Amino acid sequence: MKAGQKTLPSILPKAEQNINVIIRRGGVCPDYRDWKGFIDKKIHPPEIDRLILDSWQRCSELGVDPASDAQLDTISPNDDFDNDLLLGLADRLDPSLKKFMVARNLVFAITNSQGRFVYRDGAPSAIAKTDKLGFEVSADWSEKSVGTNAVGTALREGFPLQVFGREHFRASHHTFRCTASPFFSPSGQIMGCVDISSHFEVDHSQNFEMVIGVSRFFERILLQAHAKEMQAWPSAIMEKLRSENCGQLVVESTGIICGVEPRAQAILSSRCSNLMGRRADEIFDLGPLKLFPQNHCQLNENKIIVRTIRSPVVLAEVKPLWSPSGLWLGLLLTVLEPGPPHSPMTLAARNLNVSAISQSSSFYLGDSAATCQVRRRVQAFAQTPSTILITGESGTGKERIARAIHSLGPRRGSPFVPINCGALPDTLIQSELLGYAPGAFTGADRNGRPGLFEQADGGVIFLDEIGELPMQQQVNLLRVLEEKAVTRIGSHRAVPINIKVVAATNRNLETEVDKGRFRGDLYHRLNVMVIHLSPLRERP
């Protein structure tokens, strides 16, 4: 450590400061001519980071003015701006954080998922400088508002990153450095972003550890609070196993059991009358999993089977739980009713585990950081009822990912209905999707016919090439998503449906919305959880 260099405040235990996520560090500041060449002539200098170039391109398409130094759009305290949860997280921060910010002349901030600031603190001199940029509570720092910046771009990309100097899209930001990390709810939704900003001359070498550590700390709080509210693991994450011979419990990263299903408690009652708050290694023979924080990066997340310490032995399948940002949250244990070693039930349970393991490890091959993140997101998002949007170029495996979401989730025993929206004739789209009543039109089946939405009831419907859907059918789709019901052509009766929607596109839907070719309200309905697949040329 250099002389006089300040140490990181102990916001988290030391073991929690091990970083194992996708990050993008700030690089060499681009030359002014490179930035100007892109702004004036859309020249793409090859030495500029691809992530920065992609962001510049988005900002240009969104109409962000790179020369503007106008104050940011803000909202008044009376506007609908729910920040109580995020302010509650800020109250839990270690007091030494502010001392660290002041000592290093930094500004610390928290935004919501839309990029609006809800909290700010730090060195007064640094705050005074950032105030000139509109760096204040309720200001909008999304890419659409101010162009490329650590907050807006981290929220867009879904992982921690730095943006330095002329990597910013707006010229007025070229004298600043920013380091940001998004944080996620237990169900995989981005809740907000943690940011540290300063003048360009200030050192940011330790700020990655800081923002990732704080975002991890927030995710822990959100996870534990949700588990306590439900008195068990949140249903958004816990698998809905249909077998009466299984129960589930959740172990947080410290090794403490924080959520227990009643069935799991019943199965393990002879070993412990109250599982909540106990250490998992007092009940199970965890072997190498015993030292949780130190060994979590070495877990084989596909083949972990443990057994109880006392007889009769109870087997449990262990599944590590990761946040979409790549942070390890804990373990999900699925325990089975004890029985004879060779009983059909026990053998079937073993076979089920092997089958699930095989599926979870083979749907998306590769060992790059981006590929591993996609696998983690699929496994997390598959457990939720939320809509998922898969983006990526043609041929990147979007339908394969959609089928994995179906097979790894609680709806795996129900239908998977794929629809290529670009291949349906305009004259048949409505009847194919919604179905029709008897006698609805000439040539119609006299008994009527259910549409594809009804056929997917209880399961997953995959809307491939959603960007090709005509505007009128976008209206129909929006109505189905809002009302969770389908009205067949020629009928006035709404048929309730229970489906999980997975959509995919090779287009930039934000751009399509701006150009009037895709409905903005439908885009926001689909853009709940996003999985981006990188091109094959980037996956050697």
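Because the structure is a prediction, the values reported are computed rather than measured.

The rules behind the values
- Residues numbered from 1 in each chain as written.
- Predicted model: local features only at pLDDT ≥ 70, side-chain atom pairs only at ≥ 80, totals over all residues.
- Heavy atoms only, no water.
- Phe/Tyr/Trp six-rings, centres within 6.5 Å; stacked < 30°, edge-to-face > 60°.
- Helix = DSSP H or I, 4+ residues; strand = E, 2+ residues; numbered from the N terminus.
- Lys NZ or Arg CZ within 6 Å of the ring centre and 35° of its normal.
- Pairing = 2+ DSSP bridges.
- Axes fitted to C-alpha atoms, helices over the stretch in contact; angles between N-to-C directions.
- Core = buried A, V, L, I, M, F, W, Y, C linked by side-chain atoms within 4.5 Å.
- Buried < 20%, exposed > 50% of the residue type's maximum accessible area, 1.4 Å probe, protein only.
- Contact = heavy atoms within 4.5 Å.
- Polar contact = N/O pair within 3.5 Å; in protein donor to acceptor, adjacent residues only side chain to side chain.
- Salt bridge = Lys/Arg side-chain N within 4 Å of Asp/Glu carboxyl O.
- Parallel < 35°, antiparallel > 145°, perpendicular 65-115°, else oblique.
- Nonpolar A, V, L, I, M, F, W, Y, C, P; charged D, E, K, R; others polar.
- Left-handed = near helix turned anticlockwise from the far one by under 90°.

## Quick word on the packing of aromatic side chains
- This model, assessed by the stated rule, comprises nine aromatic pairs.
- Their ring planes at 75° and their centres at 6.3 Å tell us that F108 and Y119 sit as a pair that is edge-to-face. Taken as a pair, F108 in strand β1 (residues 107-112) and Y119 in strand β2 (residues 117-122) lie far apart in primary sequence, 11 residues in all.
- One cation-aromatic arrangement involves R177 over F200; the distance from NZ or CZ to the ring centre is 4.3 Å.

## Here's the deal with the sheet that holds strand β19 (residues 500-505)
- One open sheet holds the five strands; their spatial order is β13-β16-β19-β12-β20, and the pairing between them is parallel. Edge positions in the open sheet fall to β13 (416-420) and β20 (529-532), since each of these has one partner strand only. Pairwise comparison of adjacent strand axes, ignoring direction, gives a mean angle of 20° for this sheet.
- As paired elements, strand β12 (residues 388-391) and β20 share four bridges and run parallel to each other. By the bridge assignment, I390 is partnered in β20 with I531.

## Overview of the nonpolar core
- Ranked by size, the top nonpolar core spans 33 residues in total, and within it W56, W141, V151, L161 and F169 carry the most contacts.
- The dominant element in this core, judged by the number of residues it contributes, is helix α2 (residues 50-62), at five residues.
- Counting 29 residues, the second-largest nonpolar core is a separate cluster that includes L433, I461, A503 and L509.

## Digging into the environment of P385
- Mapped onto the secondary structure, P385 falls in the loop between α12 (369-381) and β12.
- Distance from P385 to V460, taken between C-alpha atoms, is 9.9 Å for residues 75 residues apart in sequence.

## Describing unusual backbone geometry
- Look at N105: it is not a glycine, yet its phi comes out positive at around 60°.
- Mapped onto the secondary structure, N105 falls in the loop between α4 (96-103) and β1.
- Of note in the backbone geometry, E465 takes a positive phi value of approximately 50° without being a glycine.
- Structurally, E465 is set in the loop between β16 (460-464) and α16 (471-483).

## Examining helix α1 (residues 32-41)
- Of all the residues in α1, the buried ones are D34, W35, G37, F38 and I39.
- In the core, the buried residues of α1 are packed alongside α2.
- Between the side-chain oxygen at the start of α1 and the backbone nitrogen of R33 there is a gap of 2.8 Å, and the oxygen is on D31.
- Among the residues trailing α1, K42 stands out with phi positive, at a value near 60°.

## A look at the pairing of β12
- On β12, burial covers both faces: I388 and I390 on one face and L389 and T391 on the other are all buried.
- In the sheet, β12 pairs with β19 via four bridges, with the strands oriented parallel. Paired with T391 across the bridge in β19 is T505.

## Overview of the pattern of salt bridges
- Across all of its chains, the model carries 17 salt bridges by this definition.
- As a salt-bridge pair, K36 and D40 come within 3.5 Å of each other at their nearest N and O atoms. On the criterion of helical spacing, the pair formed by K36 and D40 is a turn pair, its members being four residues apart in helix α1.
- Relative accessible area serves as the criterion here: at 32%, K36 is assigned to the partly exposed category.
- Judged by relative accessible area, D40 falls into the partly exposed class, the value being 48%.
- With a closest N to O distance of 3.4 Å, D281 and R279 form a salt bridge.
- Residue classification places R279 among the partly exposed residues on the basis of a relative accessible area of 28%.

## What about the sheet that holds β2?
- An order of β2-β1-β5-β4-β3 is seen for the five strands of this open sheet, with the pairing classed as antiparallel. Of all the strands in the sheet, the pair left with one neighbour each is β2 and β3 (161-164). Going across the sheet, the axis of each strand differs from the next one's by a mean of 20°, ignoring polarity.
- Sheet topology places β1 next to β2; five bridges connect them, and they run antiparallel. When the bridges of β2 are listed, A109 appears paired with R120.

## Some thoughts on the packing of α2 against helix α7 (residues 150-157)
- Running from N to C, α2 and α7 point in directions that differ by 100°, and their axes come no closer than 12 Å. One element, α2, and the other, α7, form an angle in the roughly perpendicular class. Where α2 abuts α7, its residues L51, S55 and R58 lie against T153, R156 and E157.
- Looking at the contact of α2 with α7 residue by residue, the class counts come to one nonpolar, two polar and three charged.

## Quick word on the environment of F218
- Looking at where F218 falls in the secondary structure, it is placed in helix α8 (residues 207-230).
- Not counting the four nearest positions on each side in its chain, F218 is found in contact with L89, A90, L93, I110, F183 and V194.

## Describing the packing of α12 against helix α13 (residues 398-408)
- α13 packs onto α12 with a crossing angle of 45° between their chain directions and a minimal axis gap of 8 Å. In terms of axis orientation, α12 runs oblique to α13. In the crossing of α12 with α13, the sense of the turn from one axis to the other is right-handed. Between α12 and α13, the contacting residues are V374, V378 and Q379 on the first element and I401, A404, I405 and L408 on the second.
- Looking at the contact of α12 with α13, its residues break down into six nonpolar, one polar and no charged.

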